[in-house]
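Next come the chains, spelled out residue by residue.
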Amino acid sequence: MIQIDDILESLRNENDAAGLDKVRRAFAFAIRLHEGKARLSGEPYVSHPIEVARILTRLHLDADTIATGLLHDTLEDTPTTIEELRAEFGDDVAEMVDGVSKLSRISFRTSEQRQAESFRKMLLAMARDIRVILVKLADRLHNMRTLHYHPADRQRAIAQETLDIYAPLANRLGISWLKSELEDLSFAALEPDTFREIEEEVARHAAERETYIEEVQRKLEETLAKHGIEGEVQGRLKHLWSVHNKMERQGIEFGQVHDLIAFRIVVPSVRDCYAMLGIIHSTWRPIPGRFKDYIAMPKANMYQSLHTTVMGPGGQRMEVQIRTEEMHRIAEEGIAAHWIYKEGRAGNRGDESRFGWLRQLMEWQKELKDSREFMSAVKIDLFPEEVYVFTPDGDVKELPRDSTPVDFAFSVHSDLGHKCTGARINGKLVPLKTPLKNGDIIEIVTSPNQTPSKDWLKFVKTSKARNRIRHWVKEQEHQKSVELGRELLEKELRRYGVAFHRAMAMESMGRVLTELSFKNTDDLLAAVGYGKVTTGQVIARLLPDRVKTEPVKPSRLGQVLDKIRKKPSGGIRVQGLDDILVRFAKCCNPLPGDAVVGFISRGRGVTVHATDCPKVLETDPGRRIDVAWDLGQKATHAVKIRVYCTDIKGILAGMTGAITKCEANIARASAYSSGDGRAVNNFEINVNDVAHLNRVIDAIRKVKGVQRVERIRQGHGAGD
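Residues numbered from 1 in each chain as written. Predicted model: local features only at pLDDT ≥ 70, side-chain atom pairs only at ≥ 80, totals over all residues. Heavy atoms only, no water.

> Give a description of the environment of Leu 190 that names residues and reports values.
You can see Leu 190 is positioned in helix H11 (residues 176-190). For Leu 190 and Asp 153, which are 37 residues apart along the polypeptide, the C-alpha to C-alpha distance reads 9.8 Å. Excluding residues within four positions of it along the chain, Leu 190 makes contact with Arg 156, Ala 159, Gln 160 and Leu 163. (Helix = DSSP H or I, 4+ residues; strand = E, 2+ residues; numbered from the N terminus. Contact = heavy atoms within 4.5 Å.)

Take a look at the structure:
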């Protein structure tokens, strides 16, 4: 016998005792009408509406919505009329069941015009009563859970529709768990082989990751207790569709996805959220550019949380989300968490503002008479992270938000991107870095003599454009280095009376390549051009007998290197090179203790970057060289910090006193008030290493009135 005791118990927990009788009657009504019918799985058909009702209880919805879930197929699949439902269960339930039935008849796989008309009806139903959409989403979720009983082609069609329409809709409504499950189920149906591969990869190290999650979870719980903050810590693996998307978006393998693990910390207050963020950043090194404050600036779907990614134990990247209990409820339940009809209560002004986007859709529907135009407007609202633009022929191109004409050109064809010299947006010539807006018509201006520019990397948004530009720049820099290396080596060989082409054909050239670890002569010449290998190193191996008898004058490159030798390295050891000029990149200001990597610059020695500096991704890997901190050398390094504090008398003196007590010199300082009782202070200080900096930061945090201290990693100088 099919039971609904857990559904009724959920309503009791919601103190909706008045609705219990209505749900019991809806259950009996559904059993009677669906009696004798079976699903493709062979189960009684009534099992489906019961599962839909269970999903709705997870959203803590009211009795009318639960009853609608139990009855949602009755108008479509049984002789029942809307009048009967109205007489038996009231106007709200009857209207919602009718709304769900209308949505079920909509097909998103027809022509664009008909799809637009159908989508308009769906949104009208949603604007009239949002609970209709919540029931439809629950209906779709259970159908996706049992999708494998359908034929293969039907599975793919339903899964594609779910991925295109229902998962983004769940996201727009802020129901994260429902969105994630719909995406994973669609992914499994649309790309079963890829899904299984990622699933197996995740399972392969499941025990190890579980141990890691438990270890970090325990440490976070101890940290909460130590600082007197009540809270709950949850650890999880990211869902498979998001992992797949990241692999596709960044063009990487599973093993290169470094932030598979995410932790969620739920604390009592907003103040505790920011306090916990500071504690986490002082415990583990934050990854630059990966902090998002959705508390101060909530997402359009009401989502609020602090997001940060840090280098956790064992050097693993992990995402941490920090939120209050109320924020967590909204993140899980979305718009359902603010249900204005629940228990008959009218909505407050906060709820009304949250539903403003629904009224916006209603206005669009009234104003836009052309269905395709309406479809475009609505799609933009459902996908706020994308921008939709048109080719001159009217084809729609979907690009990331803030994409530029260069991104557009490469999305059409690589050759168009390579030859791009300018762009017209809506008929007007604009700079190539102009951000695109929804509905723009883009025309690319080309020239046969144009080539990509390295500067384009500063503003392009798509991985395709970035990869194509990087590849071209790398090829050009490699070729220039080959030409310079040939010129330097050719001049040096002339001193020994050996022609370049003859030297390249010598048997000893094979030994040169082997000993210096190069695959071919072009790579060797490029290394000479870069300065990674000197002409003397090549000649010594190529003509060992002649080098012994004929003293070799320094080559042009050797002379340059001699000039920069014996200069201080700032506490850095360079693999394979002695006493070479070392300078620190201003874009990331690395300190002793930071993980670093070096890049050779012709005539300028080695530039040292932090390994997580964004500039590293833009630099030719062929110029990369291993470097390490020379802990035996003592040197001070400039670093910038920013302090957020209450604007009270004496606080600046307290902060400067804390810095000097830690034996750090203040090179520069600035402060300004934000006008709301708060102030921001910027300091440039000289410290010995990361540990010294952390002592300074800890001392500043103890000053009364200080709210947050952060290291500023991004500067404004030349990166390499």
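Structure shown, so let's carry the discussion forward.
> Talk me through the sheet that holds strand S11 (residues 442-446); I want residue IDs and the actual numbers.
What the 3 strands build is an open sheet, ordered S10-S9-S11; its pairing is antiparallel. Every other strand in the sheet has two partners, leaving strand S10 (428-430) and S11 as the edge strands with one partner each. Neighbour to neighbour, the strand axes of the sheet diverge by 35 degrees on average, direction disregarded. Here strand S9 (residues 420-425) runs beside S10; their pairing, made up of 3 bridges, is antiparallel. Each bridged residue has a counterpart across the sheet, and for Ile 425 the counterpart in S10 is Lys 428. Helix-sheet contacts for helix H20 (residues 405-412) involve S9 and S11, and the interaxial angle to S11 is about 85 degrees. (Pairing = 2+ DSSP bridges. Axes fitted to C-alpha atoms, helices over the stretch in contact; angles between N-to-C directions.)

> Report on the confidence of the model for the protein chain, specifying residues and quantitative values.
Should the pLDDT be low somewhere, the predicted coordinates at that spot are not to be read in detail. Model confidence for the protein chain is summarised by a mean pLDDT of 79, while 80% of its residues fall at 70 or above. Predicted confidence for residues 554-568 stays below pLDDT 50, and this span has 25 contacts to residues more than four positions away or in other chains. Taken together, the stretch residues 716-720 has pLDDT below 50 and engages in 16 contacts with residues farther than four places along the chain or on a different chain. (pLDDT = per-residue confidence, 0-100.)

> How would you sum up the nonpolar core? Please name residues and give values.
A general trend in soluble globular proteins is that nonpolar side chains are found buried together. Core analysis: the largest hydrophobic core is formed by 55 residues, its most contacted members being Val 23, Leu 71, Leu 137, Leu 178 and Leu 182. Here this core takes 8 residues from helix H9 (residues 131-145), the largest share from any one element. Not counting the four nearest positions on each side in its chain, Leu 178 is found in contact with Leu 137, Leu 141 and Ala 170. Within the second largest apolar cluster, 24 residues are counted, among which are Ile 261, Val 267, Met 318 and Met 327. (Core = buried A, V, L, I, M, F, W, Y, C linked by side-chain atoms within 4.5 Å. Buried < 20%, exposed > 50% of the residue type's maximum accessible area, 1.4 Å probe, protein only.)

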